[in-house]
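Breakdown of the fold
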Amino acid sequence: MFKWFRSKCLPHQNQVASESVHGRNLALKELSCSVCLEENKVCKCEESFESCKKVDSDVSDDEQHHGEANNSVTHAVINMTGMLIGLGQLSTPYALESGGWVSAFLMIGLGVICAYCSHLLGKCLDKHPKSRSYTDIGQNAFGTKGKLLAATFIYLEIFMALVSYTISLHDNINRVFSGTQVQIPWAKLSRSQLLTLAAVLVALPSLWLRDLSSISFLSFGGVLMSLAIFASVACTGIFGGVKANHIIPVLQIQNIPAISGLYIFSYAGHIVFPNLYKAMKDPSKFTKVSIISFSLVTLLYSTLAFMGAKLYGPHVNPQITLSMPPHLIVTKIALWATVLTPMTKYALEFAPMAIQVEHNLPDYMSSRTKLIVRGTVGSFLLLVILALALSVPYFEYVLSLTGSLVSIAICVIFPCAFYLKICWSQISRPLLVLNFTLIAFGFVLGLFGTISSSKLLMQNLSRAH
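These numbers were taken from a predicted model, which means no experiment stands behind them.

Basis of the calculations
Residues numbered from 1 in each chain as written. Predicted model: local features only at pLDDT ≥ 70, side-chain atom pairs only at ≥ 80, totals over all residues. Heavy atoms only, no water. Helix = DSSP H or I, 4+ residues; strand = E, 2+ residues; numbered from the N terminus. Buried < 20%, exposed > 50% of the residue type's maximum accessible area, 1.4 Å probe, protein only. Contact = heavy atoms within 4.5 Å. Areas by Shrake-Rupley, 256 points an atom, 1.4 Å probe, with all protein chains shown as cover. Axes fitted to C-alpha atoms, helices over the stretch in contact; angles between N-to-C directions. Parallel < 35°, antiparallel > 145°, perpendicular 65-115°, else oblique. Left-handed = near helix turned anticlockwise from the far one by under 90°. Nonpolar A, V, L, I, M, F, W, Y, C, P; charged D, E, K, R; others polar. Phe/Tyr/Trp six-rings, centres within 6.5 Å; stacked < 30°, edge-to-face > 60°. 1 Å grid on protein atoms, 1.4 Å probe; cavity = no way out; pocket = protein on both sides within 12 Å on 5 of 7 lines; lining within 4 Å. Points joined across faces, edges and corners; volume = space filled by probe spheres on them. Patch = residues over 30% accessible without salt bridge, like charges linked within 9 Å, V, L, I, M, F, W, Y side chains within 5 Å. Salt bridge = Lys/Arg side-chain N within 4 Å of Asp/Glu carboxyl O. Core = buried A, V, L, I, M, F, W, Y, C linked by side-chain atoms within 4.5 Å. Disulfide = S-S within 2.5 Å. Expected span 1.5 Å × (residues − 1). Bend = angle between axes of the 7 residues up to and from the residue. pLDDT = per-residue confidence, 0-100.

Points about the overall build of the protein chain
- For the protein chain, the count of helices and strands is 15 helices and two strands.
- Out of the 465 residues belonging to the protein chain, those deemed buried represent 59%.
- Sequence separation of 24 or more characterises 84% of the internal contacts of the protein chain that already satisfy a separation of 6 or more.
- Surface summary for the protein chain: the accessible area is close to 19200 Å², and the carbon and sulfur share equals 66%.

Some words on the packing of helix α4 (residues 92-99) against helix α5 (residues 103-127)
- With their axes 8 Å apart at the nearest point, α4 and α5 run at an angle of 130 degrees to one another. In terms of orientation, α4 and α5 fall into the oblique class. Of α5, the residues touching α4 (which contributes T92, A95, L96 and G99) are S103, A104 and M107.

Examining the packing of helix α6 (residues 134-176) against helix α14 (residues 395-422)
- The contact between α6 and α14 brings their axes to 9 Å, and the two run at 165 degrees. Classed by the angle they form, the pair α6 and α14 counts as roughly antiparallel. For the pair α6 and α14, the sense of crossing is left-handed.
- Class assignment of the residues belonging to the contact of α6 with α14 gives a composition of 26 nonpolar, six polar and three charged.

So, the packing of aromatic side chains
- Taken as a whole, this structure holds 11 aromatic pairs when the rule is applied.
- Between F142 and F418, the ring centres sit 6.1 Å apart and the planes meet at 50 degrees, which makes this aromatic pair tilted. In this pair, F142 sits in helix α6 while F418 sits in helix α14, placing the two residues 276 residues apart along the sequence.
- Take F142: its relative accessible area is 39%, and that puts it in the partly exposed class.
- Pairwise contacts between aromatic rings join Y134, F142, F153, F414 and F418 into one cluster.

Examining the layout of surface pockets
- The space that makes up the second largest pocket amounts to roughly 160 Å³.
- In terms of lining residues, the second largest pocket is bounded by Y94, S98, Q254, N255, A258, I259, L262, E396, Y397, S400, S452 and L456.
- Its residues assigned to classes, the lining of the second largest pocket comprises six nonpolar, five polar and one charged.

Notes on a nonpolar patch on the surface
- Taken together, the side chains of W101, F105, V250, L251, I253 and F306 define a hydrophobic patch exposed on the protein surface, amounting to about 610 Å² of accessible area.
- Along the chain, I253 turns up in the loop between α8 (217-238) and α9 (256-266).
- Judged by its relative accessible area of 60%, I253 falls in the exposed class.

Quick word on the nonpolar core
- Core analysis: the largest hydrophobic core is formed by 123 residues, its most contacted members being F273 and V412.
- Here this core gets 19 residues from one element, more than from any other, and that element is α14.
- When near neighbours in sequence (up to four residues on either side) are disregarded, V412 contacts I113, C114, C117, I264, S407 and L438.

Some thoughts on the environment of C124
- Following the sequence through the fold, C124 ends up in helix α5.
- Overall, C124 belongs to the buried group, its relative accessible area being 1%.
- Residues C124 and N140, 16 residues apart in the sequence, show an inter-C-alpha distance of 8.7 Å.
- Among residues more than four places away in sequence, those in contact with C124 are I137, F418, Y419 and I422.

What about the environment of D136?
- Structurally, D136 can be placed in helix α6.
- Along the chain, D136 and A150 lie 14 residues apart, while their C-alpha atoms are 9.0 Å from each other.

With respect to the environment of I184
- Residue position: I184 is located in the loop between α6 and α7 (191-203).
- Along the backbone, I184 and L194 are 10 residues apart, and their C-alpha atoms lie at a distance of 8.4 Å.

Examining the state of the cysteines
- Under the definition given, this model contains zero disulfides.
- Of all cysteine sulfurs in the structure, the one in C423 sits closest to C124, which takes part in no disulfide; the separation is 5.2 Å.
- With no disulfide of its own, C416 lies 3.9 Å from the sulfur of C117, the closest cysteine sulfur.

Let's talk about α14
- If you check α14, its first and last C-alpha atoms are 38 Å apart, about what 28 residues at 1.5 Å a residue would give, namely 40 Å.
- A409 marks where α14 bends most, by close to 50 degrees.
- Burial within α14 is extensive, with 26 of its 28 residues counted as buried.

Thoughts on helix α13 (residues 367-391)
- Across its 25 residues, α13 extends 36 Å between first and last C-alpha, which sits within 8% of the 36 Å expected from 1.5 Å per residue.
- Among the residues making up α13, those that are buried are K370, R374, G375, G378, S379, L382, I385, L386, A389 and L390.
- On its buried face, α13 is in contact with α6, α7 and α12 (329-360).

Here we look at the confidence of the model for the protein chain
- Here the protein chain averages 81 in pLDDT, and 81% of its residues register 70 or above.
- Within the model, pLDDT remains below 50 along residues 1-64, and this stretch shows 192 contacts once partners closer than five positions in the same chain are excluded.

Brief notes about the side chain of S290
- On the secondary structure map, S290 appears in helix α11 (residues 286-312).
- The exposure class of S290 is buried, given its relative accessible area of 1%.
- For S290, the contacting residues outside a window of four places in its chain are M80, A115 and S118.

Written out as structure tokens, the structure is:
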């Protein structure tokens, strides 16, 4: 699969949106300027970002596109599907049970809207062929303010998603090592907290790696782990003795605002779609890729949602893996897959922040010093994320808040707004109405979802304290 991501050095500005916030980005083409991938070989660029930009500026746009654009429709579908499938799949059975089976139409509708917004990003890139990233589209639409706003939401989504990943790690690692006694006399931490701390410390050194090609294959492993979780849930119903005889409520409208965030988070991947577009041999087929990919993901989510809700009913956990019978081998496989996924994502998810930090350091600093600063900042942020995850161990509410507060803007509101601004003169009246309606819909859904998930999160924190 390495040959799918053959690329030349990308300027650091284009890396801001390189990594998927749900760990779904295969990430080989999104590396820093210090690493390029040529088939499965690593070629070193110049030492500094400035020299890399100089090398890049000597290559014409046509030559650069020719060197990068080698992805077929099949490759692009695999990549986009891999980016979309991730943490959100754990919560879809819980969301369906909480909202009722009618809420499946909301999930499917959001999938259609997000696929359409992916198409809009392609249209924006058509209008400005030199654009290479989500933030570039924001700059083309609204100047520096648009770029800054897009980058802010991207970093916020990455941060909040990593908090959700760590909460998931905490919950599942506790189940994996159930019955194991872990205690440090001087540390006032529970067993699950100590286990989570140990897992994060194991993953911490990966943040110091500058050559991300050494761990990029783990991103594809994350896709396999997602499929393993899906297969494990199916096996519990077929071979595990769990009967799918629970009745799913028709509609529980009071829960719709909160679960809407869970649904929208499941489709979040738009920050890397411009990179996928640029990697295609025939970008005109990007819309086709979006339709196929979102259809496959929506089918998987819907199947898993109904399967989990029917198997476990009102007792279904916000993370489906925690509802599975603990004695089954497939449950252990699913739990380990859920535990290992966050540990493999930290370095890849931190890449955009790390690249930006390194770029902003003074030129007189040596590469070693820059590496130390970069690693230290990444380690500090990861420990902050760990502290937040242990302090707010409410997976469904944090995930819902992330979806409602941030993902809805990145997936729906911003693409529609960028498209309206960039292509205004070419948009028909019906499309104008459609896009303004989607912006309003996204804003209302995000507002009510944010209020609802924030309220539930605060209530649970109050009870805990």
